[in-house]
2 protein chains.
Amino acid sequence: MKALVFREANAPLELSEIEVQTTDAAHVRVTLKAAALNHRDVWITKGLYPGIVPDVVVGSDGAGMLGDRAVIINPNVDWGPDSDYPNQKTYTIRGNPTHGTMAETILLHPDRLADKPAHLSMAEAAALPLAGLTAYRALFRKARLRAGEKVLINGIGGGVALFACQFAIAAGADVYVTSSAQEKIDKAIALGAKGGALYTEERWSKAFLKQFGGVDVVIDSAAGKGYGQLMRACNPRARIVNYGGTRGTAAMDPPSLFFKELEIYGSTMGSDEEFTAMVAFVNEHKIKPVIDTVFTLDQHADAFAHMAAGKQFGKIILKI
Amino acid sequence: MKALVFREANAPLELSEIEVQTTDAAHVRVTLKAAALNHRDVWITKGLYPGIVPDVVVGSDGAGMLGDRAVIINPNVDWGPDSDYPNQKTYTIRGNPTHGTMAETILLHPDRLADKPAHLSMAEAAALPLAGLTAYRALFRKARLRAGEKVLINGIGGGVALFACQFAIAAGADVYVTSSAQEKIDKAIALGAKGGALYTEERWSKAFLKQFGGVDVVIDSAAGKGYGQLMRACNPRARIVNYGGTRGTAAMDPPSLFFKELEIYGSTMGSDEEFTAMVAFVNEHKIKPVIDTVFTLDQHADAFAHMAAGKQFGKIILKI
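Criteria and thresholds
Residues numbered from 1 in each chain as written. Chains lettered and ligands numbered in written order. Predicted model: local features only at pLDDT ≥ 70, side-chain atom pairs only at ≥ 80, totals over all residues. Heavy atoms only, no water. Pairing = 2+ DSSP bridges. Helix = DSSP H or I, 4+ residues; strand = E, 2+ residues; numbered from the N terminus. Axes fitted to C-alpha atoms, helices over the stretch in contact; angles between N-to-C directions. Contact = heavy atoms within 4.5 Å. Parallel < 35°, antiparallel > 145°, perpendicular 65-115°, else oblique. Left-handed = near helix turned anticlockwise from the far one by under 90°. Nonpolar A, V, L, I, M, F, W, Y, C, P; charged D, E, K, R; others polar. Salt bridge = Lys/Arg side-chain N within 4 Å of Asp/Glu carboxyl O. Buried < 20%, exposed > 50% of the residue type's maximum accessible area, 1.4 Å probe, protein only.

## Some thoughts on the sheet that holds strand S2 (residues 14-17) of chain A
Residue and element names in this part refer to chain A.
Part 1 of the reasoning: With respect to topology, three strands assemble into an open sheet ordered S2-S1-S4, the strand pairing being antiparallel. Bordering the open sheet on either side are S2 and strand S4 (56-57), each of which pairs with just one other strand.
Part 2 of the reasoning: Of the strand pairs in this sheet, strand S1 (residues 2-6) and S4 are connected by two bridges, and their pairing is antiparallel. Along S4, the bridge assignment pairs Phe6 with Val56.

Here it is in C-alpha cells:
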C-alpha cells in the first residue's frame, strides 16, 4: 500500500509502497479516506520532537471505513488510566513512534475508533481528532471555562486555535482572537468571535483592554517574546493555557502573574475520556471543522510547504 | 512619637517625630516592640511598588502590646470576603498607603490582631506575619502541598523562602533549596532540608535531577533568566508558585510546561483566613522564625542597607 514515511530528520517525507501489515485478533484494519496535518508532523520532519524513530508512517489524524462503519481515529497511544494526567512512561501520540494515518490503511485496536460524526464529511472528520482534543482539554479541563467568561485565542488560524474558538463560543463564552493578519481576525468574527487584535502592534494589550476589557482565559501555542502582552490582557485570576510554544521561550511577566494571581497551565493533547467527551460535544453543537485546503496524498510536499508557510486558516487535509 | 516615614522615592526614609493619631471607638492603639523588614519596603523606597503615596509610616510587620496582651499584626488591609482571591479594588498591604509598623505606636482595628505565639520573642513574632502568610498561601493553597512530596525553595535566605522551608518540613515534605552561597544551603540542611544546589552553576538542574530526582513543588520569588532550570527540575504535574520576581522577566520554557503539564501560580501574600490558619500552624508545630540581625529603630539605614546587600539568612528586625 502507499504510505507517507518519515525516514530521517531534515529529509523529505517519502511516499513509499510499503507492505500491508498482517492483522491479528486484537486489531482491525481501517481503510483511510482522509488524514490531517498537525504542527507535530512538521516538528517530526525537522527532528525536533522527542522520542521519534525512523521508518514510521506519519500522521496523527485520520477518518475512514471499517467495513461499512465510518470512523475517526483517537490519536492517543497509551495515555494511561488517569484522565487528569498522561502516564509519562507510556503516552505517545500516533504518527511516531507508532505508525500513523497518512497511508491507505492502518491497523488499530478497536478502542481507538469512534463513529464519524454524521454531519461531517471525511475531510472534516479527519480534521477533528488531535486539534479538537487539544482544544477541548485546554478549555474545559485546564482553564475550567464557564459560560459568560471572556476567552482570548492567541494566533487564530491554526487547527487547535480554531477549535478552541468554536468550542468556547458553543460553550457560551465571549471569544476574542489575535493574529498577524486582519483578514484572519475578520474570519474569526464571521465564526462568532467578538473581536480581535493584531499581535504585530507593539503593546497591543493596551488598546485591547480599552476596547474589550480584560479576559478570563487565554489559549496560546506561541509563547515567545509577546507572552507578557497576553498576561497584561488578563483579568485578575485569569487562566492561561499553553499547548505549544512555536515562538520559543516565553517572556513571562512576574508582576502580572502575582499581583493578578494568574494561573498558567501546560496541556498536551488530551485523554481518552476527553476524546469521547469532545466528539459528543461536536455532535451536540454540530460543530464543523474549518478546512483550509484539501490536497491529495501525492501532493503531500505541497501540503507540508503550505503548513510551514503559516498562512492557513483551518486544517490542511490529505485526501487518500 | 518616633516613626520611620517614606517621604519620596529614591530618598532616604526619615526617622521623624510625628503626631500620635487620635483614636476612635473602632480602633485600638498598639505599642510596638518590634517590626520586620520585607522586600516590599525596599521596592517602596525605590518608588517601584504600585499605588504608593508619600508621608506614610513604613513597615508591614509588627509585634507589640495592647495593654497587657501581647499581639502580632495581620498585614492585610481589606483583602475582601473571598479567601481564594483578593479584592483587586480594595486590597493593599499595611505600610503604604496605610500607616505601617516602624513606629512607637500604631492605630488598628482589633480584627487586625492575633495573640503573639507564646513560644516566640517579640522579635521572632514580628518576623512572622507577612513572610509567614505569603509562604503559607503559596505552599498550601496554591501548590496544594501534600506530605511526602518534594519541594524546591529557590533562593533560600529570604524571609518567605525560610518560612516555606520550615512549613513544608513541618507538613511532612522533603525540602530542597537553591542559593548562590553553599553556606546558606548548609544552614537550610541544618534546619531539616534534604539538600540543595548552587543556582550559580550553569544548568544546575541536570546534576540536581541526577542527585535528588525531580520535585513536585517549586516556591520562587526570583523569576529571571534562570526560570527554565526550575522547570527542568520539576516532575511531571509539578506546581510552581511565584510570589515575586526580583530577577525580572522569567525565561519560561514551553516544552517543560506542556510536556510535563506543569502549573504556574502567582500568589500575593494571603487572606485573613489564611493568616489565622498560619498562626495556628506555627503554634502547633512550634516553628521559630529565623532571625538574621536585630537593629534598633535608630539604625534603620543600616538595616535597609543590610537587606539591599542580600546576604541575610532570616529576617531583619527593628527593635522599637
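## Some words on the sheet that holds strand S12 (residues 174-179) of chain B
Part 1 of the reasoning: Here 12 strands make up an open sheet; going across it, the order is S13(A)-S12(A)-S11(A)-S14(A)-S15(A)-S17(A)-S17(B)-S15(B)-S14(B)-S11(B)-S12(B)-S13(B) and the pairing mixed. One side of each edge strand has no neighbouring strand; the edge strands of this open sheet are strand S13 (195-198) of chain A together with strand S13 (195-198) of chain B. Sheet twist, expressed as the average angle between the axes of neighbouring strands with direction ignored, equals 15 degrees.
Part 2 of the reasoning: Here strand S11 (residues 150-153) of chain B runs beside strand S14 (residues 215-220) of chain B; their pairing, made up of three bridges, is parallel. For Val151 of chain B, the partnering residue across the bridge sits in S14 of chain B and is Val217 of chain B.
Part 3 of the reasoning: Across the sheet, helix H4 (residues 159-170) of chain A touches strand S11 (150-153), strand S12 (174-179) and strand S14 (215-220) of chain A, and the angle it forms with S11 of chain A is around 165 degrees.
Part 4 of the reasoning: Running over the sheet, helix H5 (residues 182-191) of chain A touches S12 and S13 of chain A and is turned about 165 degrees from S13 of chain A.

## Comments concerning the packing of helix H3 (residues 129-142) of chain B against helix H4 (residues 159-170) of chain B
Residues and elements named next belong to chain B.
Part 1 of the reasoning: Packing of H3 against H4 brings their axes to within 8 Å, and their N-to-C directions diverge by 55 degrees. In terms of their interaxial angle, H3 and H4 are classed as oblique. Handedness of the crossing formed by H3 with H4: right-handed. Between H3 and H4, the residues in contact are Ala131, Gly132, Thr134, Ala135, Tyr136, Leu139 and Phe140 and Gly159, Val160, Phe163, Ala164, Phe167 and Ala168, respectively.
Part 2 of the reasoning: Residues belonging to the contact of H3 with H4 are distributed by class as follows: 10 nonpolar, three polar and no charged.

## Quick look at the pattern of salt bridges
Part 1 of the reasoning: Under the defined criterion, the tally for this structure stands at 40 salt bridges over all chains.
Part 2 of the reasoning: The salt bridge involving Arg7 of chain A is made with Glu14 of chain A; its shortest N-O contact spans 3.3 Å.
Part 3 of the reasoning: Residue Arg7 of chain A is classed as partly exposed on the basis of its relative accessible area of 28%.
Part 4 of the reasoning: Among the residues examined, Glu14 of chain A registers a relative accessible area of 39% and is labelled partly exposed.
Part 5 of the reasoning: With its nearest N and O atoms 3.0 Å apart, the salt bridge here joins Arg7 of chain B to Asp55 of chain B. Here Arg7 of chain B is found in the loop between strand S1 (2-6) and strand S2 (14-17), whereas its partner Asp55 of chain B is found in the loop between helix H1 (39-45) and strand S4 (56-57), with 48 residues between them in sequence.
Part 6 of the reasoning: Ionic contacts of the salt-bridge type, sharing partners, join the residues Asp84, Arg137, Arg141, Lys142, Glu273 and Glu274 of chain A together with Glu261 of chain B into one network.

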